[in-house]
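# Examining the three-dimensional arrangement
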Amino acid sequence: MSNMGARVARMFRNFNLENRVHREISKEKPRAAPRYEANLLPSAGSSEAVETADSISQKNDPLLALLKSVYVESKDPAAAEDSKDVTAGDEAERRPLRFSLPGEPYGLVELEDVPKGKLTIVEALKALGSHQRRPQTWTPGKIAQEYSLDLKDTKALLEFFVPFQVHIIPPKTDSAKQIKAS
């Protein structure tokens, strides 16, 4: 059945094809827009074009000698000092972990200390949970002091990261079916 539909479609597609092709070929082609003199390149025979081509292909000895005498050596003293400060600072500025999970969670080796200004996931969840339960005692300042963090970063952490909260919505009627604990 679909073969029949393809044959009919092919018949309509190929109907009078040769006449339509000859009609398209015999149509007058569109002309290109005229070029303005400002955009025209100088002709190959003009003196300007010959001089330009000669000057490009010639070797200019004084310029070549100057280029060979140039030697560039660059050093960034600020970057060298920063890298020394960072490596020395990381070794000295570490703090012991406050909280960690027992054992090796997720097959990862637990760290023993972290750089100041950084938190592990367990510590971050503990700090967020403490602030969520008792925001009067666990203020951003106390969390920043406890974990050696920047106050601005601590405020951003408390504002944008919230641990999960589980809300259990009781049924409206007592006759609703509930799953019993087994």
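Model, not experiment: these values are computed from the prediction.

Glancing now at the overall build of the protein. When its secondary structure is counted, the protein shows eight helices and two strands. For the protein, the α and β elements follow one another from N to C terminus as α-α-α-α-α-β-β-α-α-α. In the protein, buried positions account for 11% of the 182 residues. Taking contacts inside the protein between residues at least 6 apart in sequence as the whole, the part at least 24 apart equals 37%. Total accessible area on the protein is roughly 17,000 Å²; 58% of this is exposed by carbon and sulfur atoms.

Next up on the list: a positive patch on the surface. On the surface, Lys126, Arg133, Arg134 and Lys142 cluster together to form a positively charged patch. Note on placement: Lys126 falls in helix H6 (residues 121-133). Take Lys126: its relative accessible area is 35%, and that puts it in the partly exposed class.

Right, let's get into the nonpolar core. Most often, soluble globular proteins keep nonpolar side chains buried together rather than apart. Of all hydrophobic cores here, the largest spans nine residues; its members are Ala127, Leu128, Trp138, Ile143, Ala144, Tyr147, Leu149, Leu157 and Leu158. Of all the secondary-structure elements, those providing two or more residues to this core are H6, helix H7 (140-146) and helix H8 (151-160). Discounting residues that sit within four places of it in the chain, Trp138 has contacts with Ser130, His131, Ile143 and Glu146.

As a further point, take the confidence of the model for the protein. Close inspection of predicted coordinates is inappropriate for parts of the model with low pLDDT. Per-chain confidence: the protein averages 79 in pLDDT, with 77% of residues scoring 70 or above. For the protein, per-element mean pLDDT is lowest for helix H5 (residues 77-92), which scores 64, and highest for H7, which scores 93.

On the surface, a cluster of nonpolar side chains totalling about 340 Å² of accessible area is made up of Met4, Val8 and Phe12. Tracing the backbone through its elements, the reader meets Met4 in helix H1 (residues 2-14).

Calculation criteria
- Residue numbers restart at each chain and count upward from 1, following the sequence in its written direction.
- Residue-level local features of this predicted model are given only where pLDDT is at least 70; pairs of side-chain atoms are given and counted only at 80 or more, and the full residue set underlies all totals for whole chains, interfaces and linings.
- In computing side-chain values, all of the structure's heavy atoms are included and hydrogens and water are not.
- A run of H or I in DSSP counts as a helix once it spans at least four residues, and a run of E counts as a strand once it spans at least two, with each numbered from the N terminus.
- For every residue, the accessible area (1.4 Å probe, protein chains only) is compared with the maximum for its type, and the residue is labelled buried under 20%, exposed over 50%, or partly exposed between those bounds.
- Here a residue-residue contact requires only that any non-hydrogen atoms of the pair lie within 4.5 Å.
- Under the convention used here, a 1.4 Å probe and the Shrake-Rupley method define accessible areas, while residue burial counts only the protein chains that appear.
- Residues with no salt bridge and a relative accessible area higher than 30% make up the patches, which join like charges within 9 Å and nonpolar side chains (Val, Leu, Ile, Met, Phe, Trp, Tyr) within 5 Å.
- Should a side-chain nitrogen of Lys or Arg be within 4 Å of a carboxyl oxygen of Asp or Glu, the pair is scored as a salt bridge.
- In this tally, Asp and Glu contribute negative charge and Lys and Arg positive charge; neither His nor the terminal groups of the chain are included.
- The atoms used to mark charge sites are NZ of Lys, CZ of Arg, CG of Asp and CD of Glu.
- We call a set of buried Ala, Val, Leu, Ile, Met, Phe, Trp, Tyr and Cys residues a nonpolar core when their side-chain atoms join them within 4.5 Å.
- Per-residue confidence from the predictor is reported as pLDDT, which spans 0 to 100.

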